[in-house]
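Observations on the three-dimensional arrangement
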Amino acid sequence: MLRPMIQFSSDKGIDLLGRSITDRTLIRTSWILPLVSVLLATVIHYMSGNYRDIPFFISETDHPGIEDHVFSIGLFCSAMIQLLVSIRLYVLFKPIASPILHHIALACGIATSTHLSVLAFVTMDQNIEVHVYTAFIVFHGGFAWAFATHFSLPKSNSRGRTVRIYSLLVALVSLLVMTFTIRDGIQSGEQELGVDASNVGLDYLQPWIVYAAPAEYFLFFGLIACLASFSWDIQQHASEIENATIES
């Protein structure tokens, strides 16, 4: 009988292609990989002089050159890891989590990771409409996943819960600043230039990007912190299972 390629019901992690990956390693990889990829792509983009203007959006680092490979490969691999994390946390915490919120979290996690895998290879220059759509799902879906997962856990670790609350607040404020700032810029461009929203260029939007781009980075860091915070919940859950096993 053939064994499935991926098993999510292991006690300490997942089994992927016959190899065991602990929950701690999975979570650590899920936030370190995108963090390093984005920061490295940003530094390369700036140092190479390929930047359009300063500040610039994260997606602008997906520019022909070394930064393009760092951005695309890094975020695609991150999308695959985050898909595994979403399913694994769903399976791990299902017995204790709020059912409705937990199902919402799973749906948001799958939607976010699949759209991130597309975003990794669709640049602004190639197809601005697809890029904006996938970026919208990634950021809003990522926030919704962290929010739903956090509030679905009735007895989350106190340190992880504290980190998530502050991280969610940073992410929410940043998301609102980025969204409404760019909306105002696009509306201004449509009226002043007399063009469709998709034809309002980044150079025109730069006065608004001055605020929106830093907000995007803070949003990204907030979501990364949310991912990292689940390490404490996983450790607490493992300790509780171990203690229950010893007592029985």
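Here we summarise the structure given alongside this text. Since this is a predicted model, take the numbers as computed values, not measurements.

Points about the layout of surface pockets
Volume-wise, the largest pocket comes out at about 940 Å³. Lining the largest pocket are 32 residues, with Phe 57, Met 124, Ile 128, His 131 and Val 132 sitting closest to its centre. Contributions of two or more residues to the lining of the largest pocket are made by helix 4 (128-152), helix 5 (158-193) and helix 6 (202-247). Tallying contributions element by element places helix 4 first for the lining of the largest pocket, with eight residues. Per-class residue counts for the lining of the largest pocket are 15 nonpolar, nine polar and eight charged.

Thoughts on the pairing of strand 3 (residues 19-22)
Successive side chains on a regular strand alternate, one facing one side of the sheet and the next facing the other. By the bridge criterion, four bridges tie strand 2 (residues 13-16) to strand 3 in an arrangement that is antiparallel. Across the sheet, residue Leu 16 finds its bridge partner in strand 3, namely Arg 19. Hairpin remark: strand 2 followed by strand 3, antiparallel, with two residues in the connecting loop; positive phi at Leu 17, about 55 degrees.

Some words on the environment of Gln 7
Summarising the element assignment, Gln 7 is placed in strand 1 (residues 6-7). A sequence separation of 189 residues divides Gln 7 from Asp 196, and the C-alpha atoms of the two residues are 47 Å apart. Not counting the four nearest positions on each side in its chain, Gln 7 is found in contact with Gly 13, Ile 14 and Asp 15.

Re the packing of aromatic side chains
Taken as a whole and judged by the stated rule, the model has nine aromatic pairs. On the basis of an interplanar angle of 45 degrees and a centroid distance of 6.4 Å, the ring pair of Tyr 217 and Phe 221 is categorised as tilted. Linking Tyr 217 with Phe 221, this pair stays in helix 6, spanning four residues, or about one helical turn. According to the relative accessible area criterion, Phe 221 is partly exposed, its value standing at 34%.

The rules behind these values
Residues numbered from 1 in each chain as written. Predicted model: local features only at pLDDT ≥ 70, side-chain atom pairs only at ≥ 80, totals over all residues. Heavy atoms only, no water. 1 Å grid on protein atoms, 1.4 Å probe; cavity = no way out; pocket = protein on both sides within 12 Å on 5 of 7 lines; lining within 4 Å. Points joined across faces, edges and corners; volume = space filled by probe spheres on them. Helix = DSSP H or I, 4+ residues; strand = E, 2+ residues; numbered from the N terminus. Nonpolar A, V, L, I, M, F, W, Y, C, P; charged D, E, K, R; others polar. Pairing = 2+ DSSP bridges. Contact = heavy atoms within 4.5 Å. Phe/Tyr/Trp six-rings, centres within 6.5 Å; stacked < 30°, edge-to-face > 60°. Buried < 20%, exposed > 50% of the residue type's maximum accessible area, 1.4 Å probe, protein only.

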